[in-house]
Amino acid sequence: MLGRAAMRGALAGLAGTAAMTLAEKVEQQVTGRPDSYVPARTLTALTTRRRPPESERPFVRNHLMHWGTGAAVGALRGVWSASGLRGWRASAWHTSVRLATDQTLENATGVGDPPWTWSRRDRVVDVAGKTVYSLVTGAVSDALVPLAPDRRRSIRG
């Protein structure tokens, strides 16, 4: 049951990642902000223990990390949906999980900087993107993942 919920949640996470990516591309057209390659450098550091320079811009690794993280964190949201953690409130909490996942990996590898050192604009852009991700992931997950049988009679809306 939970394995199927996790798989459906991973699909929902891919939908959320697509929505986040689209929102970021629109934002970049407005602000002129360039693409970020922090995901790629984080994946490189995780897999090779080598911290790549900021000038490195590996396109394929960037997408592997971007979409892979979206699917992995989406799997958790699928388990939440099955467990009765549903709706916009669960999605709001899920935003913090997505933010924490990225920050943990980026800062543990030395690739990223703590968010409180970022510009206000960068913090707003990051939180907004992850919020879009979590709202879409949650809506899709809640639609795809049924409540676990033991949760159907005890959940309050």
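Just so it is clear, the model here is predicted, and its values are computed rather than measured. (Residues numbered from 1 in each chain as written. Predicted model: local features only at pLDDT ≥ 70, side-chain atom pairs only at ≥ 80, totals over all residues. Heavy atoms only, no water.)

(A) Inspection of the packing of aromatic side chains at higher detail. With the rule as written, the count across this model stands at zero aromatic pairs. For the cation-ring pair, R98 lies above Y133, with the distance from its terminal atom to the ring centre recorded as 4.7 Å. (Phe/Tyr/Trp six-rings, centres within 6.5 Å; stacked < 30°, edge-to-face > 60°. Lys NZ or Arg CZ within 6 Å of the ring centre and 35° of its normal.)

(B) Highlighting unusual backbone geometry. Backbone geometry at R49 places phi at a positive 60°, although glycine is not the residue there. With respect to the secondary-structure elements, R49 resides in the loop between α2 (38-48) and α3 (59-83). (Helix = DSSP H or I, 4+ residues; strand = E, 2+ residues; numbered from the N terminus.)

(C) Here's a closer look at the pattern of salt bridges. All chains considered together, the criterion is met by nine salt bridges. Residue E56 pairs with R50 through a salt bridge whose shortest N-O separation is 3.4 Å. Looking at E56, the relative accessible area reads 19%, which means it is buried. For R50, a relative accessible area of 39% puts it in the partly exposed group. (Salt bridge = Lys/Arg side-chain N within 4 Å of Asp/Glu carboxyl O. Buried < 20%, exposed > 50% of the residue type's maximum accessible area, 1.4 Å probe, protein only.)

(D) Main features of the layout of surface pockets. Volume-wise, the largest pocket comes out at about 1200 Å³. What lines the largest pocket is a set of 40 residues, and nearest its centre among them are R33, S36, Y37, V38 and P39. Breaking the lining of the largest pocket down by element, the ones donating at least two residues are α1 (2-31), α2, α3, α4 (87-108) and α5 (120-144). (1 Å grid on protein atoms, 1.4 Å probe; cavity = no way out; pocket = protein on both sides within 12 Å on 5 of 7 lines; lining within 4 Å. Points joined across faces, edges and corners; volume = space filled by probe spheres on them.)

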